[in-house]
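Each chain is listed here by its residues.
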Amino acid sequence: MKLLIFSTFLLVASNVVAGSNSTILDFGYELLQQRYSQFSNKMTQCDDLARSTALAEDTVQQLKTLPSEAALVLAAVSHKSLQRCALYEYSEVLRTLVSIESHSELGTNSRLRDEIDRIRPLLVADMNLFIEKEVSELPEEYLSQLQSIDELKSPFNLLDAVDRTWGL
């Protein structure tokens, strides 16, 4: 009996969904905007936290054991800490975007397609690839040493850290 009720529910639900794809895409549009706004707000909070967080003096002393070329790796580590800070919101907006794109009806919804085209480049910035390439060309021990410092896993003021460490 329970199987029959569940099967009937699935059949009714699939008919409702099939008959209302535009409603689903409208919902997707609103959800994408909402989740992108949440992500954007969280990144602003993470940026504010980073600007207001100076590294402890003992961390700066650890950094001073590295050559100034490690500043680029420190920038990459800082970037990763900002990504971690807003990881949940990022994954939600990205999951929503990919889910919407899986609908074949998307091609006929220019408003939603335009919104996706606007948001995607903001979520996946080209600068990430540039930073990763530059870091990959530096000695691995720089990254290993920086990743071993727990304080660098949370957002911190990168410019202050570089200035206090290497005076750059």
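In short, a report on the structure. What you see is a predicted model; the values in this text were computed from it and never measured.

Reading the values: rules and limits
Residues numbered from 1 in each chain as written. Predicted model: local features only at pLDDT ≥ 70, side-chain atom pairs only at ≥ 80, totals over all residues. Heavy atoms only, no water. Helix = DSSP H or I, 4+ residues; strand = E, 2+ residues; numbered from the N terminus. Buried < 20%, exposed > 50% of the residue type's maximum accessible area, 1.4 Å probe, protein only. Contact = heavy atoms within 4.5 Å. Areas by Shrake-Rupley, 256 points an atom, 1.4 Å probe, with all protein chains shown as cover. Polar contact = N/O pair within 3.5 Å; in protein donor to acceptor, adjacent residues only side chain to side chain. Core = buried A, V, L, I, M, F, W, Y, C linked by side-chain atoms within 4.5 Å. Disulfide = S-S within 2.5 Å.

**Overview of the overall build of the protein chain**
Tallying secondary structure elements over the protein chain gives nine helices and zero strands in all. Order of helices (α) and strands (β) in the protein chain, N terminus to C terminus: α-α-α-α-α-α-α-α-α. Going through the 168 residues of the protein chain one by one, you find that 33% of them count as buried. Counting contacts in the protein chain only where the partners sit at least 6 residues apart, residues at least 24 apart contribute 89% of the total. Total accessible area on the protein chain stands at roughly 10,400 Å², and carbon and sulfur atoms take up 59% of it.

**Brief notes about the side chain of Thr96**
Within the secondary structure layout, Thr96 lies in helix α5 (residues 87-101). Within the structure, the side chain of Thr96 is placed 2.8 Å from the backbone oxygen of Glu92, a separation counted as a polar contact. For Thr96, the residues in contact, after removing those within four places along its chain, are Gly28, Leu31, Leu32 and Arg35.

**A few points about the environment of Arg35**
By the element assignment, Arg35 lies in helix α2 (residues 21-51). Setting aside residues up to four positions removed in sequence, Arg35 forms contacts with Glu92, Val93, Arg95 and Thr96.

**Focus on the nonpolar core**
With 21 residues, the main nonpolar core has Leu55, Leu63, Val73, Leu74, Leu146, Leu152 and Trp166 as its most contacted residues. When contributions to this core are tallied by element, the ones reaching two or more residues are α3 (57-63), α4 (70-85), α7 (127-136), α8 (140-147) and α9 (158-166). At six residues, α4 tops the list of elements feeding residues into this core. If we skip the residues at most four places from it in the chain, Leu74 touches Leu63, Leu146, Leu152, Phe156, Leu158, Ala161, Val162 and Trp166. In terms of nonpolar packing, the next biggest core, distinct from the first, is built from 17 residues, Leu32, Leu82, Ala86 and Leu123 among them.

**Quick notes on the state of the cysteines**
Under the definition given, this model contains one disulfide. The disulfide partner of Cys46 is Cys85, and the gap between their sulfur atoms is 2.0 Å. The sign of the S-S torsion, about -85°, decides the handedness of the disulfide formed by Cys46 and Cys85: left-handed. You can see Cys46 sitting in helix α2 and its partner Cys85 sitting in helix α4, a full 39 residues away along the chain. The buried category is assigned to Cys46, whose relative accessible area is 1%.

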